[in-house]
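Observations on chain architecture
Listed below are the residues making up each chain.
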Amino acid sequence: MTVAETAEQAYDVMNATGAGPAVIICEHASNHIPERYHGLGLDDAARTSHAAWDPGAEAVARLLSKALDAPLIAGRVSRLVYDCNRPPEAPSAMPAQSETIAIPANAALSDDDRAERVRTVYDPFTAAVTDLLAQRKAQGTPFALITMHSFTPLWFGTPRPVEIGILHDDDSRLADAMLAETHRLSHRRIARNDPYGPADGVTHTLRLHGLQNDLPNVMIELRNDLLTTPADERAMAQELITLLLPALAHLGLREQSDA
């Protein structure tokens with residue numbers, strides 16, 4: 001299998017010519033493990049668990065893409081092969097352990113093994129995001145960067161009460177604007193940089209593609225027990241739109257009258 005063939009499997013781009021006020025990235029959209037990695041030594045339960053992907057995240061991202069006319073890029077390789085929200089030097093880019101799940105094939109990766117995954121998964125995904133942002137900037141209208149994720153209601157057996165996490169790194173413009181609208185979703189537990197934050201190493205995409213391009217940016221984390229059916233996903237997407245439309249208007253990325 002050539003590098004070109006493996007690169008084609010690293011991502012999908014949807015609504016590439018969308019001209020709305022955002023570009024959406026879903027790094028952990030898939031639990032697919034290419035055949036060349038022989039399942040990473042995992043059983044079926046591990047391969048379908050949250051350790052391998054973010055259940056529900058792509059479905060919500062697609063709904064937001066349609067509602068906002070936003071281009072969307074989604075990863076097509078499990079984050080246990082390579083986590084595209086991590087730089088190559090991060091141990092968590094190719095983790096040997098995810099919560100209580102051991103990943104046998106990642107336990108003793110050689111430098112060549114790691115380089116192959118960077119070359120065939122991370123590099124093409126990152127290049128595709130860069131190209132997509134360049135295309136969107138060429139349209140000449142301002143936009144924000146939104147990344148979409150989901151998380152488990154339990155972590156090492158401890159409940160996580162937060163339902164929607166609004167995460168940011170050094171640029172909090174969009175996060176602040178969204179958090180200012182949370183009164184519209186008074187039934188939800190919404191928090192800043194929870195259940196993760198910059199100290200946990202989860203803002204690589206925001207830093208690489210948001211901060212370096214001076215784009216307002218935010219990482220949205222959704223508790224995955226709220227995304228178990230298509231109806232759940234539609235309801236959550238609508239709730240996020242309730243926060244995003246006025247937030248984007250506040251930043252001048254859409255007309256106030258549309259919010």
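Rules behind the numbers
Residues numbered from 1 in each chain as written. Predicted model: local features only at pLDDT ≥ 70, side-chain atom pairs only at ≥ 80, totals over all residues. Heavy atoms only, no water. 1 Å grid on protein atoms, 1.4 Å probe; cavity = no way out; pocket = protein on both sides within 12 Å on 5 of 7 lines; lining within 4 Å. Points joined across faces, edges and corners; volume = space filled by probe spheres on them. Helix = DSSP H or I, 4+ residues; strand = E, 2+ residues; numbered from the N terminus. Nonpolar A, V, L, I, M, F, W, Y, C, P; charged D, E, K, R; others polar. Contact = heavy atoms within 4.5 Å. Salt bridge = Lys/Arg side-chain N within 4 Å of Asp/Glu carboxyl O. Buried < 20%, exposed > 50% of the residue type's maximum accessible area, 1.4 Å probe, protein only. Polar contact = N/O pair within 3.5 Å; in protein donor to acceptor, adjacent residues only side chain to side chain. Phe/Tyr/Trp six-rings, centres within 6.5 Å; stacked < 30°, edge-to-face > 60°. Lys NZ or Arg CZ within 6 Å of the ring centre and 35° of its normal.

Looking at the layout of surface pockets
Approximately 480 Å³ is the volume found for the largest pocket. At the level of elements, strand 4 (97–98), strand 6 (144–151) and strand 11 (217–223) are the ones that each hand at least two residues to the lining of the largest pocket. The residue inventory of the lining of the largest pocket, partitioned by class, reads eight nonpolar, eleven polar and seven charged.

Some remarks on the environment of Ile101
Assignment of secondary structure puts Ile101 in strand 5 (residues 101–102). In this structure, the C-alpha to C-alpha distance between Ile101 and Ser49, residues 52 residues apart in sequence, is 9.4 Å. Those residues within four positions of Ile101 in sequence are excluded, and the remaining contacts are Leu42, Ala46, Ser49, Ala51 and Ala96.

Focus on the pattern of salt bridges
Here the structure, examined in full by the defined rule, presents 16 salt bridges. For Asp12, the salt bridge is made with Arg76, and the minimal N-O distance between the two is 2.7 Å. Of this pair, Asp12 sits in strand 1 (residues 11–14) while Arg76 sits in the loop between strand 3 (72–75) and strand 4; the two residues are 64 residues apart in sequence, bridging distant segments of the chain. In this structure Asp12 comes out as partly exposed when scored by relative accessible area, which is 34%. According to the relative accessible area criterion, Arg76 is buried, its value standing at 17%. As a salt-bridge pair, Glu116 and Arg36 come within 3.1 Å of each other at their nearest N and O atoms. You can see Glu116 sitting in helix 4 (residues 111–138) and its partner Arg36 sitting in the loop between strand 2 (22–26) and helix 2 (44–48), a full 80 residues away along the chain.

Topic: the side chain of Thr205
Inspection of the secondary structure puts Thr205 in helix 6 (residues 204–210). Exposure remark for Thr205: the relative accessible area of 3% places this residue in the buried category. A polar contact of 3.0 Å, which involves the side chain of Thr205, links it to the side chain of Asn85. Apart from residues lying up to four places away in sequence, Thr205 is in contact with Ile25, Glu27, Cys84, Asn85, Leu145, Thr147 and Gly210.

Here we look at the packing of aromatic side chains
Both the distance between ring centres and the angle between the ring planes are used here to describe each pair of aromatic rings. On inspection of all chains with the given rule, the structure shows two aromatic pairs. For the pair Tyr82 and Tyr122, a centre-to-centre distance of 5.1 Å together with 40° between the ring planes defines the contact as tilted. Here the residue Tyr82 occupies a position in the loop between strand 3 and strand 4, and Tyr122 occupies one in helix 4, the gap between them amounting to 40 residues. Take Tyr82 and Tyr122: they sit in the same class, and that class is buried. Summarising the aromatic geometry, the rings of Trp155 and Phe156 are spaced 5.3 Å apart at their centres and angled 85° between planes, so their arrangement reads as edge-to-face. In this structure Trp155 comes out as partly exposed when scored by relative accessible area, which is 30%. Just above the ring of Tyr37 sits the side chain of Arg117; from NZ or CZ to the centre is 5.0 Å.

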